[in-house]
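# Topology and contacts: notes
One letter stands for each residue in the lines below.
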Amino acid sequence: MSSDTILGILFNAVLVGVVFMQWVAYFSNKFDDPWPLQLLVYWTMTLDIAHSAISWEYLWMYTVEHFGDTAALSASHWEYTSGPWFIVLTAVPIQIFLAWRIRKMLTGKPYHISNILFGFTVTLSVIQAIFGLYMSTSILTGAVKTTEDYKGFITITVVWEAFALATDTVIMVSSIATLLYRRTGFQHTDWLIFNLILVAVECAIPVTLFTVGHVTAVIVSPTTGIHQLFAWSQARLYSNTLFLNLNSRERLRKGNVVSTTSADPHAVNILTAMERGTMNRGTRGPEVHIDVTREEHYAMDEIHTKLSDSDVSPTPSLYLSFGLQRSLQRCQRGWSDGLVPPLSLSTRAIPYHMR
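Being a predicted model, the structure only gives us computed values, none of them experimental. (Residues numbered from 1 in each chain as written. Predicted model: local features only at pLDDT ≥ 70, side-chain atom pairs only at ≥ 80, totals over all residues. Heavy atoms only, no water.)

## Notes on helix 5 (residues 83–105)
- Between its first and last C-alpha atoms helix 5 spans 33 Å; for 23 residues at 1.5 Å apiece the expected length is 33 Å, and the two agree.
- The buried count for helix 5 comes to 18 of 23 residues, which makes it a mostly enclosed element. (Helix = DSSP H or I, 4+ residues; strand = E, 2+ residues; numbered from the N terminus. Expected span 1.5 Å × (residues − 1). Buried < 20%, exposed > 50% of the residue type's maximum accessible area, 1.4 Å probe, protein only.)

Below, the structure is given as structure tokens:
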């Protein structure tokens, strides 16, 4: 058993600990997620536990049961060759979920764009599943007896991981592009979008690096255990992607509360143009004090949850409190609804005092 295999299994154990903490955070937050998403959560957890248990059985077999047995070192074992099953069965549902979320974020845009992007992503994901399952099934059914026989599966491994890499790249790029398109110019809204982009990047980089490392190791040295350094952890990285996206809702919601209570009401100077226009006219109407409170609720609880609603669909509500109504009626140049800024995605209350 090579040191690369041991390091791969140990690193997988570390990732299991990280994912376990993600599980604890998810259930502690008590998200009211719909049953399809809960099913995905339990499905991912089941695969993680099963694959991790197999990895430790694999380590036990080499270090204890077959210690000193050189024939066991060069043999092909089901514990490792079943790995693509766990990788594919973990990755594909998560990729489809992320693609569906992007599709819902594009709701209201040209209908064909969101559907084409979703269909293209799902197609890539299904193709990688076909190649991954075919390769693993062929090896498990006796096509490979020793590590030397792995050379015959280099091409299919490269194709499988190439489609997996393409799927992950499309999801990351489309997520970032969609979120950037959602920017409104409001400080708090852009803060939310920026953090969502960070989540997308943080999830994509480790998966991409390990996929590239696995492909490179298979091409360079298919008969050694170098590729196992990356293969054992790939499924855990996909699991971490799912739970990091789900748990980020609570972090962003807490950030909403802090940022809302400490927000500067003059962060967006929306009255500058109106005041400048009033000065240019050289007129001054009756003095009227208007308190306008704009509240917009960003449905953070809906992100990554209800598949029937847009994940980033703002629910605006506008409350106007008018003082001195009789003076307002006498105002020659009253307040216009057109001065209200465009809807943002944030949970924010901005008071405006107008004269």
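## Notes on the pattern of salt bridges
- On inspection of all chains with the given rule, the structure shows three salt bridges.
- Linking R236 and D48 is a salt bridge whose minimum nitrogen-to-oxygen distance equals 2.9 Å. Residue R236 is found in helix 9 (residues 228–261), and its partner D48 is found in helix 2 (residues 35–65); the two are separated by 188 residues along the sequence. Side by side, R236 and D48 carry an identical accessibility label, which is buried.
- We note a salt bridge from E148 to K151, for which the minimum N-O separation is 3.4 Å. (Salt bridge = Lys/Arg side-chain N within 4 Å of Asp/Glu carboxyl O.)

## Regarding unusual backbone geometry
- Its identity as a non-glycine residue notwithstanding, K30 has a phi of 55 degrees, on the positive side.
- As for its placement among the helices and strands, K30 is situated in the loop between helix 1 (3–29) and helix 2.

## What about the packing of helix 7 (residues 154–181) against helix 8 (residues 187–220)?
- Taken N-terminus to C-terminus, the directions of helix 7 and helix 8 make an angle of 170 degrees; their axes are 10 Å apart at the nearest point. Between helix 7 and helix 8, the angle falls in the class roughly antiparallel. Considering how the two elements wind past one another, helix 7 and helix 8 form a crossing that is left-handed. (Axes fitted to C-alpha atoms, helices over the stretch in contact; angles between N-to-C directions. Parallel < 35°, antiparallel > 145°, perpendicular 65-115°, else oblique. Left-handed = near helix turned anticlockwise from the far one by under 90°.)

## Concerning the packing of aromatic side chains
- This model, assessed by the stated rule, comprises 14 aromatic pairs.
- A ring pair is formed by Y58 and Y62, whose centres lie 5.0 Å apart and whose planes are at 75 degrees; its orientation type is edge-to-face. Separated by four residues within a single helix, Y58 and Y62 lie in helix 2, roughly one turn from each other.
- Taken together, F20, W23, Y26, F27, F31, Y42 and F243 form an aromatic cluster joined through their ring pairs.
- The ring of F118 is capped by R103, whose NZ or CZ atom sits 5.9 Å from the centre of that ring.
- Sitting over the face of the ring of F31, R249 holds its NZ or CZ atom 3.8 Å from the ring centroid. (Phe/Tyr/Trp six-rings, centres within 6.5 Å; stacked < 30°, edge-to-face > 60°. Lys NZ or Arg CZ within 6 Å of the ring centre and 35° of its normal.)

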